[in-house]
Amino acid sequence: MTLPASLPPASLAPMARLADQIRSPEFLTGLGQALEAYFPGISHVVFHFAARGRPTVLAHNLSADLERRVLAPYVERMYLLDPCYRHWQAERHGGLASLDELAPSGFRHSDYYATYYRDLGLYDEAAAFFPLDDGDCLSLSFGFYRRNHTPSQAELLATLDYLFPLLEALIRQFWLASSLHLPTPDESPSLLHSFGQDVLSERERQVAWLILRGHTGPEIATELGITPGTVKNHRKRLYAKLNIGSQAELFRQFMLFQHRPPIFDQGRARSDGGT
């Protein structure tokens, strides 16, 4: 990505305090305090992106209401549509990026954006990726809930660019020294293969998935190596099979699907009902 010129912070004292906590279980708390010192008023979440399985929230400064409305559904299933998570799964290298650099061109017109950004008052986002071991990553997500926030997204990214090598070293040393072992829930079969599998073909599920993530028709065609006309045909057929008529209805179908109880629980419920 093209960053603005690196912007040195007024002081490295927050980084020095964080360095003192490398071998302490308070490191993640100290990381949050350092971020708040450099970027006052910015919402942040520290994620562990596992090579496989769902993300884990390690720390955040969101309100209890936003934690319930944003983080709970995110780690349950909605991370699968998240541009930041998808970027890490595809690229697997450290760095900084804005939301518009990570997301498909149609993302801000998607129902995912409407639900998890616009409806929550989230105007923009920036992310930092710090590789760990074996395909894992510690990711920092910064949320901008005011259009004219200070610091701006550009200023935040410029300061992060300056701090990045130091933060990367501190985070890696903490991870190596930590006894933290995070579970990686089994995600097989993945939602990509299970959503709509009873009625949709594999190609139709792929098209549905890209639509949900905010890709435009031409982007879907390029991604799948097919023509835009073929994309339109797949979209028409999958809408007909799901008995829906719009992208918004597709998103609602996905929302309902991701909240279904596991198959085992469904069977148990039928058994308990005695029918």
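Residues numbered from 1 in each chain as written. Predicted model: local features only at pLDDT ≥ 70, side-chain atom pairs only at ≥ 80, totals over all residues. Heavy atoms only, no water.

A closer look at the state of the cysteines
Move 1: All told, the structure shown has zero disulfides when counted by the stated rule.
Move 2: Considering cysteine sulfurs only, Cys137 is the nearest to Cys84, which forms no disulfide, with 10.0 Å between them. (Disulfide = S-S within 2.5 Å.)

With respect to the pattern of salt bridges
Move 1: Enumeration according to the criterion identifies eight salt bridges in this entry.
Move 2: For Asp65, the salt bridge identified is with Arg68, shortest N-O distance 2.7 Å. Of this pair, Asp65 and Arg68 both sit in helix 3 (residues 64-76), three residues apart, which is roughly one turn of the helix.
Move 3: You can call Arg68 exposed: its relative accessible area is 55%.
Move 4: Between Arg69 and Asp65 there is a salt bridge, and its shortest N-O distance comes to 3.3 Å. Note that Arg69 and Asp65 are positioned in helix 3 at a spacing of four residues, about one turn of the helix.
Move 5: Judged by its relative accessible area of 37%, Arg69 falls in the partly exposed class.
Move 6: A residue is classified by how much of its surface remains accessible, and Asp65, at 33% relative accessible area, is partly exposed.
Move 7: Through salt bridges with shared partners, a single ionic network connects Asp65, Arg68 and Arg69. (Salt bridge = Lys/Arg side-chain N within 4 Å of Asp/Glu carboxyl O. Helix = DSSP H or I, 4+ residues; strand = E, 2+ residues; numbered from the N terminus. Buried < 20%, exposed > 50% of the residue type's maximum accessible area, 1.4 Å probe, protein only.)

Quick look at helix 11 (residues 228-242)
Move 1: Given a rise of 1.5 Å per residue, 15 residues ought to cover 21 Å, and the 21 Å separating the end C-alpha atoms of helix 11 matches this to within 8%.
Move 2: Of the residues flanking the end of helix 11, it is Asn243, one or two places downstream, whose phi is positive at about 60°. (Expected span 1.5 Å × (residues − 1).)

What about the pairing of strand 5 (residues 137-144)?
Move 1: Burial runs high along strand 5: eight of the eight residues are buried.
Move 2: What you see with strand 5 is no split at all: Cys137, Ser139, Ser141 and Gly143 on one side and Leu138, Leu140, Phe142 and Phe144 on the other are buried throughout.
Move 3: Across seven bridges, strand 1 (residues 43-49) lies against strand 5 in antiparallel orientation. If you follow Phe49 over to strand 5, its bridge partner there is Cys137.
Move 4: Relative to strand 5, strand 4 (residues 124-131) is paired through eight bridges, and the arrangement is antiparallel. Across the sheet, the residue bridging to Ala127 is Ser141, located in strand 5.
Move 5: Count of turn residues in the strand 4/strand 5 antiparallel hairpin: five residues, of which Asp134 carries a positive phi of about 60°. (Pairing = 2+ DSSP bridges.)

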